[in-house]
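A closer look at the structure
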Amino acid sequence: MAITSKYLFDGTFQDSVGSVHGTANGGMDASATDGDRTVAVFDGTDDYIDFGSDSRFNTEDFSFSMWIKPQSSQQAWARIMGTLYNDPISGWAFEQEAAQTNRYRFQSFDGSTWTESDPNNVLEITPDVWSHLVITRSGTVIKGYINGQHVYTAATHATMVSTHDFQLGANPAVTDSPTPWDAYWSGSMHGFAVHDAALSDAEVETLYFETVLLTDGLVAKYPLDTDADDSVGSND
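Residues numbered from 1 in each chain as written. Predicted model: local features only at pLDDT ≥ 70, side-chain atom pairs only at ≥ 80, totals over all residues. Heavy atoms only, no water.

All right, on to the nonpolar core then. By size, the foremost hydrophobic cluster in this structure holds 36 residues, and its most contacted members are Ile-80, Met-81, Leu-133 and Phe-192. Ranked by the residues each element gives to this core, the list is headed by strand S7 (residues 62-70), at four residues. Not counting residues within four places of it along the chain, the set of residues in contact with Ile-80 comprises Met-66, Ile-68, Phe-94, Glu-95, Tyr-104, Ile-125, Leu-133, Gln-167, Leu-168, Gly-169, Trp-185 and Met-189. In terms of nonpolar packing, the next biggest core, distinct from the first, is built from six residues, Val-39, Trp-67, Trp-130 and Val-212 among them. (Core = buried A, V, L, I, M, F, W, Y, C linked by side-chain atoms within 4.5 Å. Buried < 20%, exposed > 50% of the residue type's maximum accessible area, 1.4 Å probe, protein only. Helix = DSSP H or I, 4+ residues; strand = E, 2+ residues; numbered from the N terminus. Contact = heavy atoms within 4.5 Å.)

Let us look at unusual backbone geometry. Backbone geometry places Ala-98, a non-glycine residue, at a positive phi of 50°. Mapped onto the fold, Ala-98 is located in the loop between strand S10 (89-96) and strand S11 (103-109). With a phi angle near 65°, Asp-128 is a residue other than glycine that sits in the positive phi range. Counting through the fold element by element, Asp-128 comes out in the loop between strand S12 (123-124) and strand S13 (131-138). The partly exposed category is assigned to Asp-128, whose relative accessible area is 39%.

So, about the layout of surface pockets. In this approach, a probe sized like a water molecule rolls over the atoms, and the result shows the empty space that is left. Its volume calculated, the largest pocket comes out at about 260 Å³. Forming the boundary of the largest pocket are 18 residues, of which Ile-3, Lys-6, Ser-65, Leu-207 and Thr-211 lie nearest the centre. Within the residue set of the lining of the largest pocket, elements represented by two or more residues are strand S1 (3-7), S7, strand S17 (186-195) and helix H1 (201-211). Split by residue class, the lining of the largest pocket holds nine nonpolar, six polar and three charged. (1 Å grid on protein atoms, 1.4 Å probe; cavity = no way out; pocket = protein on both sides within 12 Å on 5 of 7 lines; lining within 4 Å. Points joined across faces, edges and corners; volume = space filled by probe spheres on them. Nonpolar A, V, L, I, M, F, W, Y, C, P; charged D, E, K, R; others polar.)

Our next topic: the environment of Ile-80. With respect to the helices, strands and loops of the structure, Ile-80 is situated in strand S8 (residues 79-82). Of the residues examined, Ile-80 reaches a relative accessible area of 0% and is grouped as buried. A sequence separation of 89 residues divides Ile-80 from Gly-169, and the C-alpha atoms of the two residues are 4.8 Å apart.

Let's shift gears to the environment of Thr-206. Within the secondary structure, Thr-206 is located in helix H1. Taking the relative accessible area as the measure of exposure, Thr-206 reaches 41% and is therefore partly exposed. Considered as a pair, Thr-206 and Gly-148 are 58 residues apart in the sequence and their alpha carbons are 7.5 Å apart.

One pass over the structure, following the stated rule, counts five salt bridges. Residue Glu-95 pairs with Arg-79 through a salt bridge whose shortest N-O separation is 3.0 Å. Of this pair, Glu-95 sits in strand S10 while Arg-79 sits in strand S8, placing them 16 residues apart in sequence. The same class applies to Glu-95 as to Arg-79, namely buried. Residues Arg-105 and Glu-95 are paired through a salt bridge, measuring 3.1 Å at the closest nitrogen-oxygen approach. Taken together, the residues Arg-105 in strand S11 and Glu-95 in strand S10 connect sequence positions ten residues apart. Salt bridges linked by common partners bring Arg-79, Glu-95, Glu-97 and Arg-105 together as one network. (Salt bridge = Lys/Arg side-chain N within 4 Å of Asp/Glu carboxyl O.)

This is how it looks when you write it as structure tokens:
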């Protein structure tokens, strides 16, 4: 498993480990912060980041990891990430299930059919607080994790046909026929990363504890590598 792209949003939308650089739209602030975090803030109106044709992942396994803080109000079908497009229909998306605010699902298209979407099979993200989100794909299985815990499973196609750019924060079909969707996502992201394999449960949990901040509720951490010192606080 390797991180192929990572975005710190620390004054730029550039890839800090690779060359898949993002292009911000809607007047996004490249220097936004939230406490100790450098963040990308999406206003839910016209903000999104475009990464071109990279990260489409038609057949490949993947993981996406990020810290995420959704706003309490979202438009129907607000999209966190994906390539799904409706003119012509193609791609995949991790987006809100209709008007179920901050309850999200994974959906894909293989060129002829959609994955069946159970409106009750959703991943819920608490608004107005930071959560660690990981979405993985292994073959035809999608998993979702919140704060290191596996909380969501869905099916996808063996081949997800994508012809549109990979984007964060927007449904790229918002102004196109046949349906003019208002689907921009509202909230903040930090430390967005793309991995070239499906992380295991243990790897997701490790990633969560490696990136959690004291402000996320962690008051002490003990790696127990050479001593019993607290690596994030002062509770040795």
